[in-house]
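Per-entry structural report
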Amino acid sequence: MTNDTKLLLGIEDNHIKIYPHSVNQNPQTGVMEVNALLSYRPKACPNCGIKNCNHKIIKYGWRSTSFKMPRTCELDVIIKLKRRFFKCKECGSCFLAQTNLVSKNCTFSNNTKLAFLEKLKDRVSLTHIAKELSTTATYVNSILQSTEETVWDNKSLPTVINMDEIKSTKHAKGSMSFVYMDGTTHKF
Ligand SMILES: [Zn+2]
């Protein structure tokens, strides 16, 4: 059951455990809440870089976090992730277990951000996308802006470019906007 839930939600991180009977689906509120645990042995301290040998990094309790995943089975999915907290005995700093499922201090998983960008292929407004993904147009716009910065940071054009025109939001000067992506990696 727990592996099925991970598969259904597209969670590939082996350090994340979903316990049996920890999935609460509420059709009334339209929310699926999944309780999970994240723990592993860190290789090194992210602050001072010291390798984790001779118990240099110790377990220092747990912290509760939560973030949104893409909608599944017509429900908003919220992961309540209990994460291991660590302390480095070398530099005294503490840090939280991380997963590539969600960026640091982020309330939306990385694949939810990708879902935002996928939706931008359709000729719909940011408000429409935001409503569909239970967030705000401002947040969808911020994801779009950060992606644009990544593209321009590369300073070179991809070998294959796919392009299209999309209906602009009210904030844009023209009624139509231009969108393009790397035809090989499919990155916007
Ligand atoms: Zn340290």
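Small disclaimer: the values here were computed from a predicted structure and weren't measured.

Thresholds applied
Residues numbered from 1 in each chain as written. Predicted model: local features only at pLDDT ≥ 70, side-chain atom pairs only at ≥ 80, totals over all residues. Heavy atoms only, no water. Helix = DSSP H or I, 4+ residues; strand = E, 2+ residues; numbered from the N terminus. Buried < 20%, exposed > 50% of the residue type's maximum accessible area, 1.4 Å probe, protein only. Contact = heavy atoms within 4.5 Å. Donors = N, O, S within 2.8 Å, 3.2 Å for Na, K, Ca; no water. Tetrahedral: all angles 85-135°; square planar, octahedral: opposite > 155°, others 65-115°. Core = buried A, V, L, I, M, F, W, Y, C linked by side-chain atoms within 4.5 Å. Domains from an automatic or database assignment. pLDDT = per-residue confidence, 0-100. Pairing = 2+ DSSP bridges.

Moving on: the overall build of the protein chain. When its secondary structure is counted, the protein chain shows four helices and seven strands. Sequence-ordered secondary structure for the protein chain, helices as α and strands as β, is α-β-β-β-β-β-α-α-α-β-β. For the protein chain, the residues scored as buried account for 34% of the 188 residues in total. Across the protein chain, the fraction of contacts at a sequence separation of at least 24, relative to all contacts at a separation of at least 6, is 49%.

What follows covers the coordination of the zinc ion. Donor atoms from the polypeptide that coordinate the zinc ion comprise Cys45 (SG), Cys48 (SG), Cys88 (SG) and Cys91 (SG), at 2.3 Å from the metal. The coordination sphere of the zinc ion comprises four donor atoms, whose angles at the metal cover 107 to 113°; the geometry is tetrahedral. Here the donor residues for the zinc ion map to a single chain with the spacing C-x2-C-x39-C-x2-C. Residue classification places cysteine 45 among the buried positions, given a relative accessible area of 3%. What makes cysteine 48 partly exposed here is its relative accessible area of 38%.

With 34 residues, the main nonpolar core has Ile11, Met69 and Ile79 as its most contacted residues. Mapped onto this core, the elements with two or more residues apiece are β1 (16–26), β2 (31–38), β3 (57–72), β4 (75–88), α2 (110–119), α3 (126–132) and α4 (137–153). A per-element tally of this core places β4 first, with six residues. Structurally, this core is a two-domain feature, drawing no fewer than three residues from each of domain 1 (2–101) and domain 2 (108–152).

So, on to the confidence of the model for the protein chain. Counting all residues, the mean pLDDT for the protein chain is 84, and 90% of those residues have values of 70 or more. At the level of individual helices and strands, the protein chain shows its lowest average pLDDT in α4, which scores 70, and its highest in strand β5 (residues 94–96), which scores 95.

Across the 14 residues of β4, 10 count as buried, placing the element largely inside the fold. For β2 and β4, the ladder comprises eight bridges, and the chain directions are parallel. Pairing of alanine 36 across the sheet is with leucine 81, part of β4. Sheet analysis places β3 next to β4, joined by 12 bridges and oriented antiparallel. Residue pairing for β4: lysine 68 is matched across the bridge by isoleucine 78. Linking two consecutive strands that pair antiparallel, namely β3 and β4, is a turn of two residues; a positive phi of about 50° is found at cysteine 73 within it. Sheet topology places β4 next to β5; three bridges connect them, and they run antiparallel. The residue bridging lysine 87 from the neighbouring strand is cysteine 94, located in β5. Remark: five residues form the turn of the hairpin made by β4 and β5, two consecutive strands paired antiparallel; glycine 92 in that turn has positive phi of roughly 85°.

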